[in-house]
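Observations on the three-dimensional arrangement
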Amino acid sequence: MAQSELKGIMEDLESALGGRPLLQRRNTLSNVFQSLVDAFLVLAFFVLLIVLSVGSISTHHVIFGLILIGAMAICYDFLGIYRKNKSLFGKAFDLLLAWFSSLMVGVVALYFILSSQYLSGSFLAVFSVGGYLLQFFSYILFFLYKKSKSKKSKVSALIIGGGSFAQNLKVKINSNPWVREYVVCTVEGLSGGESDVDDFFDLIDRKSIKSIFFAVSMRQASEIQLIYDELMNRNLDVHWVPNFESLKLINPSVKELSGMPIMTLSETPLLGTHHLKKAIIDKSLAAIALLVFTPLIIFTAIAIKLTSSGPVFFRQPRTGWDGKEFLIWKFRSMKVHESESGEVKQATKDDDRVTSVGRFIRKTSIDELPQLFNVLEGNMSMVGPRPHAVQHNTLYSSQIKAYLCRHRIKPGITGLAQVRGYRGETEQLEQMSMRVESDLEYINNWSVSLDIAILFRTVFTLFSKQAY
């Protein structure tokens, strides 16, 4: 589709909306009803416990109840408790997090407002557990009810698009009991011929289609323009799910800017509070690790100095966040030597350049400990893609698609690729490709919990046979 055509569609939508934001949340009646049921169950259980424990409801009970319901509205909306379709375990975890966050807000607010502890620990324990179980069982009942009436109560939908992308969209829609559509058929695409278009609308009439999903790429979007006006005249819901499968997306998202929709295709995940959270955790853990490993660092430095000539530390330019170069800190594990023609050669399994001490500290990753200084300096993170030598970036960027995108986040001492075993020498291009794929997967799924999980897994990979 030409850029002018896409722009025309967006301008038509904007003018039709009269400035109203394009990004809209779809709250179904069942979602609203379930949230009201949960609020009722929590308040009813709260009142019952008060009556059984103290006999009457006082002002501080009312204040706590109102604050709790308000906190639930905010926390549950933020975590998408009534919008996201997840596994039973995933929903149980999200509900647990949202519920106890709401409770914490209520307890802390009550304390600051009344400057006293009006709810006993035993009361809160019973209320928190009981309230959570009531909501969880409520969710299960709603889920089973929606699933049993799934096809009967839904509107028929059709997907225009082919390949795995269209099939995945169909599976996602039909497996989600919370959405109002159910896909009954798919159409590969429209050629633009009059007979083809007539057959398409005949199919819509025969299948009683009420909702259309365009699952096409930007290049094929002319198909939207071809039949869009007629679809509107038939009072059908029309949705466009852009197919970006041909693009390597980096932390993609959909957002709004002054009422205009923005589809972000590549962006660092370290924005705003995310950057702050990662920086605080990184520097806190680095400082603690330095205190813990100071004796080991001193002992290693002495061993290197006594067993080989040359400096204790090895400094080399590496590429960091957003392509900025920095000097990495490492314990020197090789004999001092001159690189041939400035070429940086990777260490191999029986590399005669590696010293006896160097072989041990490389095997155990002790040579990486000085990079804690890089973390404190802000050049590196505890977790992230490993920083490669500048020369290696030049080499691989021309051979591996989106190789340089691994710099959209801070490099780390350890990373997802390393705990999966993609460390050490990369003899074949495929090995580096797998490492890069893991790095990009990490960037697209970054979270504090993922960093913590990788740090724990790192402990079990320190003695990997692939490190030497």
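**Some details on the overall build of the protein chain**
Scanning the protein chain from terminus to terminus reveals 15 helices and ten strands. Relative to all contacts within the protein chain whose residues are 6 or more apart in sequence, the contacts with residues 24 or more apart total 72%. Carbon and sulfur atoms form 62% of the exposed surface of the protein chain, whose accessible area is close to 25,700 Å².

**What to know about the packing of aromatic side chains**
Scanning the entire structure with this criterion turns up 16 aromatic pairs. A centroid spacing of 6.5 Å and a plane angle of 65° characterise the contact between Phe-64 and Phe-127, whose relative ring orientation is edge-to-face. In this pair, Phe-64 is assigned in helix α3 (residues 59-78) and Phe-127 in helix α5 (residues 121-148), connecting sequence segments 63 residues apart. Since its relative accessible area comes to 0%, Phe-127 is described here as buried. An aromatic cluster is defined as three or more aromatic residues linked by ring pairs; in this entry it consists of Phe-45, Phe-46, Phe-64, Trp-99, Phe-123 and Phe-127. Here the basic side chain of Arg-315 rests over the ring of Trp-329, its NZ or CZ set 3.8 Å away from the ring centre. Sitting over the ring of Tyr-403, Arg-406 keeps its end group 5.6 Å from the ring centre.

**Looking at the pattern of salt bridges**
Where charged atoms from two side chains of opposite charge approach closely, those side chains can pair. With the rule as written, the count across this model stands at twelve salt bridges. Here Arg-406 makes a salt bridge to Asp-439, at a shortest N to O gap of 2.9 Å. One end of the pair, Arg-406, is in the loop between α12 (390-397) and β10 (412-414); the other, Asp-439, is in helix α14 (residues 429-444), and 33 residues separate them in sequence. Here the salt bridges do not stand alone but share partners, grouping Lys-330, Asp-367, Glu-368 and Arg-386 into one network.

**Some details on the packing of helix α2 (residues 29-53) against α3**
Between α2 and α3, the shortest axis-to-axis distance is 11 Å and the interhelical angle comes to 155°. Accordingly, the angle class assigned to the pair α2 and α3 is roughly antiparallel. Every pair of crossing elements has a handedness; the one defined by α2 and α3 is right-handed. Of α3, the residues touching α2 (which contributes Ala-39, Val-42, Leu-43, Phe-46 and Ile-50) are His-61, Phe-64, Gly-65, Leu-68, Ile-69 and Met-72. For the contact of α2 with α3, a count of residues per class yields nine nonpolar, two polar and no charged.

**Side note on the sheet that holds strand β3 (residues 211-214)**
Taking strand neighbours across the sheet as the criterion, the four strands line up as β2-β1-β3-β4 in an open arrangement whose pairing is parallel. At either end of the open sheet lies a strand with only one pairing partner, and these are β2 (181-187) and β4 (237-240). Taking each pair of neighbouring strands and ignoring which way they run, the sheet shows an average axis angle of 25°.

**Let's talk about unusual backbone geometry**
Positive phi is not limited to glycine here, since Ser-208 has a value of about 55°. The exposure class assigned to Ser-208 is partly exposed, which follows from its relative accessible area of 47%. The phi dihedral of Asn-235 falls on the positive side, at around 60°, and the residue is not glycine. Here Asn-235 shows up in the loop between α8 (222-233) and β4.

**With respect to the nonpolar core**
Phe-331, Leu-372, Met-382, Leu-440 and Tyr-442 are the most contacted members of the largest nonpolar core, which has 39 residues in total. Elements with a minimum of two residues in this core: α9 (273-307), β8 (325-331), α10 (356-363), α11 (371-377), β9 (381-383), α13 (416-419) and α14. Looking at which element gives the most residues to this core, the answer is α9, with seven residues. Filtering out sequence-adjacent residues up to four positions away, Leu-440 remains in contact with Lys-248, Ile-250, Ala-402, Cys-405 and Arg-406.

**What about the side chain of Lys-91?**
The topology assignment puts Lys-91 in helix α4 (residues 88-114). Here Ile-81 takes part through its backbone oxygen, which lies 2.6 Å from a polar atom of the side chain of Lys-91. Excluding anything up to four places from it in sequence, Lys-91 contacts Gly-80, Ile-81, Lys-84, Lys-86 and Tyr-139.

**Considering the confidence of the model for the protein chain**
On average, residues of the protein chain carry a pLDDT of 83, and 85% of them reach 70 or more. No element of the protein chain has a lower mean pLDDT than helix α1 (residues 3-17), which averages 52, and none a higher one than β9, which averages 96.

**What to know about α14**
Here α14 spans 23 Å end to end across 16 residues, near enough to the 22 Å set by a 1.5 Å rise per residue. Looking at α14, one finds that the buried residues are Met-432, Ser-433, Arg-435, Val-436, Ser-438, Asp-439, Leu-440, Tyr-442 and Ile-443.

**Quick notes on the pairing of strand β7 (residues 313-319)**
Pairing of β7 with β8, which is carried by seven bridges, proceeds in the antiparallel orientation. Opposite Arg-318, over in β8, you have Phe-326 as the bridge partner. Hairpin remark: β7 followed by β8, antiparallel, with five residues in the connecting loop; positive phi at Asp-322, about 55°.

**Brief notes about a nonpolar patch on the surface**
On the surface, Val-47, Val-51, Ile-57, Val-62 and Leu-66 cluster together to form a nonpolar patch covering roughly 430 Å² of accessible area. Every element with two or more residues in the nonpolar patch is listed here: α2 and α3. Secondary-structure assignment places Leu-66 in helix α3. Take Leu-66: its relative accessible area is 61%, and that puts it in the exposed class.

**Details of the environment of Cys-75**
Secondary-structure assignment places Cys-75 in helix α3. A C-alpha to C-alpha distance of 8.8 Å links Cys-75 and Leu-97, two positions 22 residues apart in sequence. If sequence neighbours within four positions are ignored, Cys-75 has contacts with Ala-98, Ser-101 and Ser-102.

**Quick look at α4**
Because an α-helix packs 3.6 residues into every turn, residues spaced three or four apart end up facing the same way. Compared with an ideal rise of 1.5 Å per residue, which puts 27 residues at 39 Å, α4 spans 39 Å between its outermost C-alpha atoms and is within 8% of the ideal. The elements touched by buried residues of α4 are α2, α3 and α5.

Rules and cut-offs
Residues numbered from 1 in each chain as written. Predicted model: local features only at pLDDT ≥ 70, side-chain atom pairs only at ≥ 80, totals over all residues. Heavy atoms only, no water. Helix = DSSP H or I, 4+ residues; strand = E, 2+ residues; numbered from the N terminus. Contact = heavy atoms within 4.5 Å. Areas by Shrake-Rupley, 256 points an atom, 1.4 Å probe, with all protein chains shown as cover. Phe/Tyr/Trp six-rings, centres within 6.5 Å; stacked < 30°, edge-to-face > 60°. Buried < 20%, exposed > 50% of the residue type's maximum accessible area, 1.4 Å probe, protein only. Lys NZ or Arg CZ within 6 Å of the ring centre and 35° of its normal. Salt bridge = Lys/Arg side-chain N within 4 Å of Asp/Glu carboxyl O. Axes fitted to C-alpha atoms, helices over the stretch in contact; angles between N-to-C directions. Parallel < 35°, antiparallel > 145°, perpendicular 65-115°, else oblique. Left-handed = near helix turned anticlockwise from the far one by under 90°. Nonpolar A, V, L, I, M, F, W, Y, C, P; charged D, E, K, R; others polar. Pairing = 2+ DSSP bridges. Core = buried A, V, L, I, M, F, W, Y, C linked by side-chain atoms within 4.5 Å. Polar contact = N/O pair within 3.5 Å; in protein donor to acceptor, adjacent residues only side chain to side chain. pLDDT = per-residue confidence, 0-100. Expected span 1.5 Å × (residues − 1). Patch = residues over 30% accessible without salt bridge, like charges linked within 9 Å, V, L, I, M, F, W, Y side chains within 5 Å.

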